[in-house]
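# Notes for the structure review
Residues per chain, in single letters:
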Amino acid sequence: MNGVTAFFQTTGEILGLLVESIYWCKGALSNREKIFRQIAEVGSYTLPVAALISIFIGGVLALQSGPTLALFGLQENIGGIVGISMVRELGPVMASILVAGRVGSAMTAEIGSMSVYQEIDALKTMDIDPVRFLVMPRFLASFIALPILVIYMDVIGWFGGAVVSAANPEIGVSFDVYYRNLSEFVEVSDVLNGLVKAAVFGIIISIVCCYVGLKTKGGPREIGTSVTRAVVLSFILILIFDYFITRVLLLLDLQKRLM
Amino acid sequence: MDVRTETKDIKKKNAGEGVLLEYLKSTPVDVKIINLNKSFGNNHVLRSLNLEIKPAETVVILGKSGSGKSVLLRHIIGLEKPDSGRILIGGIDVNDEELRKKHTLAIVFQSSALFNSLSVEENVALYLREHRVFKDENKIRKVVSSALSLVGLEGKENIMPSELSGGMQKRVAIARALVMNPDLILFDEPTAELDPMMTRTIGDVILNLREHVEITQIVVTHTIDLAFYIADRIAVLSEGQIVELGTPEEISRSKNPVVRNFIAPQFEREEGGSEI
Ligand SMILES: Nc1ncnc2c1ncn2[C@@H]1O[C@H](COP(=O)(O)OP(=O)(O)O)[C@@H](O)[C@H]1O
Ligand SMILES: [Mg+2]
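Summary of the structure given here. (Residues numbered from 1 in each chain as written. Chains lettered and ligands numbered in written order. Predicted model: local features only at pLDDT ≥ 70, side-chain atom pairs only at ≥ 80, totals over all residues. Heavy atoms only, no water.)

## Observations concerning the site of ligand 1
Residues and elements named next belong to chain B.
- Within the structure, ligand 1 sits among Phe40, Asn43, Val45, Lys64, Ser65, Gly66, Ser67, Gly68, Lys69, Ser70 and Val71.
- Between an oxygen atom of ligand 1 and a side-chain N or O atom of serine 70, the distance comes to 2.7 Å.
- Valine 71 places a main-chain nitrogen or oxygen 2.9 Å from an oxygen atom of ligand 1.
- Those elements giving two or more residues to the shell around ligand 1 turn out to be β2 (43-53) and α2 (69-76).
- With 3 residues, α2 is the single largest residue contributor to the shell around ligand 1. (Near = heavy atom within 4 Å. Polar contact = N/O pair within 3.5 Å; in protein donor to acceptor, adjacent residues only side chain to side chain. Helix = DSSP H or I, 4+ residues; strand = E, 2+ residues; numbered from the N terminus.)

## Describing the sheet that holds strand β1 (residues 31-40) of chain B
All names here are of chain B.
- Strands sit in the order β2-β1-β4-β5 across an open sheet of 4 strands; the sheet is antiparallel. Two strands lie at the open edges of the sheet, namely β2 and β5 (92-93), each paired on one side alone.
- Note: strand β4 (residues 84-89) against β5, 2 bridges, orientation antiparallel. Among the inter-strand pairings, isoleucine 89 is bridged to a residue of β5, identified as isoleucine 92. (Pairing = 2+ DSSP bridges.)

## Observations concerning the sheet that holds strand β8 (residues 216-221) of chain B
All names here are of chain B.
- What the 6 strands build is an open sheet, ordered β6-β7-β8-β3-β9-β10; its pairing is mixed. Unpaired on one side and paired on the other, β6 (105-108) and β10 (241-246) mark the two borders of the sheet. Taking each pair of neighbouring strands and ignoring which way they run, the sheet shows an average axis angle of 20°.
- Both β6 and strand β7 (residues 184-188) contribute to a ladder of 4 bridges, which runs parallel. Bridge pairing in β7 places isoleucine 107 opposite leucine 186.
- The strands touched by helix α6 (residues 166-178) within the sheet are β6 and β7, with β6 carrying the most contacts at an inclination of about 180°. (Axes fitted to C-alpha atoms, helices over the stretch in contact; angles between N-to-C directions. Contact = heavy atoms within 4.5 Å.)

## What about the nonpolar core?
- Ranked by internal contacts, the top residues of the largest apolar core, which has 137 residues, are Ile33(B), Leu49(B), Ile76(B), Ile89(B), Leu128(B), Leu184(B) and Ile218(B).
- By residue number, the principal contributor to this core is helix α5 (residues 130-167) of chain A, which donates 12 residues.
- With near-sequence residues (within four places) excluded, Leu49(B) lies in contact with Ile33(B), Ile34(B), Asn35(B), Leu36(B), Leu72(B), Leu237(B), Gly240(B), Gln241(B) and Ile242(B).
- Of all hydrophobic cores here, the second largest spans 15 residues; its members include Ile78(A), Met86(A), Trp158(A) and Ile171(A). (Core = buried A, V, L, I, M, F, W, Y, C linked by side-chain atoms within 4.5 Å. Buried < 20%, exposed > 50% of the residue type's maximum accessible area, 1.4 Å probe, protein only.)

## Some points on the pairing of β8(B)
All names here are of chain B.
- Most of β8 is tucked away, with 6 of its 6 residues classed as buried.
- Going residue by residue along β8, you find Thr216, Ile218 and Val220 tucked away on one face and Gln217, Val219 and Thr221 tucked away on the opposite face as well.
- Bridge count between strand β3 (residues 58-63) and β8: 5 bridges; the pairing is parallel. If you follow threonine 58 over to β8, its bridge partner there is glutamine 217.
- Sheet topology note: the β7/β8 ladder contains 5 bridges and is parallel. By the bridge assignment, aspartate 188 is partnered in β8 with valine 220.
- Between the parallel pair β7 and β8, the chain is carried across by helix α7 (residues 196-212), and the sense of this crossover is right-handed. (Right-handed = clockwise from strand over helix to strand, strands pointing away.)

## A look at the interface of chain A and chain B
- Across the contact, 17 residues belong to chain A and 20 residues belong to chain B.
- The contact between chain A and chain B buries some 1,500 Å² in all, and 59% of this surface belongs to carbon and sulfur atoms.
- When the area that chain A buries against chain B is broken down by residue, the three leading residues are Glu119(A), Thr125(A) and Met126(A), summing to 40%.
- The interface formed by chain A and chain B contains 2 salt bridges.
- A salt bridge links Asp121(A) to Arg74(B); the shortest N-O distance between them is 2.8 Å. (Buried area = accessible area lost by both parts, 1.4 Å probe. Salt bridge = Lys/Arg side-chain N within 4 Å of Asp/Glu carboxyl O.)

Encoded structure:
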């Protein structure tokens, strides 16, 4: 019973933090410098690794489906398959996992240590709202940066798929055919689908990681525990929400098609 | 030659203090703590504690480690909510929104609690910038540098807190509290872990404020010398209550065994007696 109350309390508090962060976005313009700095931080933490993993994700997608398609003589559809999977699913999910692991963990560590060393208390006594000062810029930065990172990873992932499709003799699809098929299959709405997911994941990561950071009490040990907890919780929520967002977006797609 | 440099230094120091002391214009407030109770689980830390502090008074709270001094300060600054009882500052409850509109309260934490990602200058100026106290950046820099020179840290603006010693961090924290222009300032063990020289410097800062600024100060410490050096009145905290309150004179004559116990080793030391 205690666990259940704790669960609802935590959920309530996380939602409360989300609402507060949205409220403080009214001060975004005067804090734009801080927000840009956070976005730049997301970029510098993730861009190189993101490129590396995207190449391989695109590559493995082609490697998995290419030979099977070739069995039925359908290999020229590989561009569309890689394109859609990347844009709708793997781009947003892998980008979010990466951001949670690299950026979210840093958020929890930084805010957690501020809690432990009374810096948050100091902010409060200076009448500076910690949510406005610390959470809002990270929240907005994640919300903006994750979709951009997804576009970056999509493009690189497509390229990875193209390389494998062309180089693997079992698939043997040229760049030309690959990209033509990709552009036929992948629609703007697919890309938007992925970006919506990314933005939601950005919200989840920033709010969860800041929340766990703010709740940290104790010493250096607890900061470490908090970081692990925040990252694992982010992963779980990303994957759960991925399912439900996909469900909702599919319904919306269907409605559009029926109209 | 030595003398000349020395006078120059003192002059410079006074000029810095001048700017800040001129800028500090407090509306002195009184503090009334009424029947304050606070428990953490089974640990009943504050037990119907009562204490009244007059406007512009410097009160030192003495107490053993773990007696609840920090908890008391956290209540006065509004970071902790009492189980029962009230704290009135200038007649307004600490948890009333009105209070922050009327009065500014500042605290110097025992751990200093500087913002590690900000430079010394950014730490001290944060309040001024976030609350747009001055539009003019030059004015901000001037106030910050005079606050730093008041605590003997002139020219340390661009250093990061992690590069400073504990004593210097503490002094930055004091400067950061002072630029808020507080009506009430709380110090939590301002001289813990500091050498006697530094203890003296910080004692002088507090004395200086007491003499030149109409500011109410509450200083928590277990350094008895410091208490007698700076206090208008001393309050002794024990078992969750104020067991004695009086001028340093009165405290040193107190017959209360708790108080005697507290200050006795001090006199033994002065007589050249037992040192541990
Ligand atoms: N947040 C807290 N949770 C639980 N116990 C606390 C908390 N803060 C203080 N205490 C307890 O209250 C007592 C007084 O602590 P404190 O005010 O820090 O003592 P000191 O007089 O040394 O400053 C201690 O027993 C401490 O363990
Ligand atoms: Mg303490």
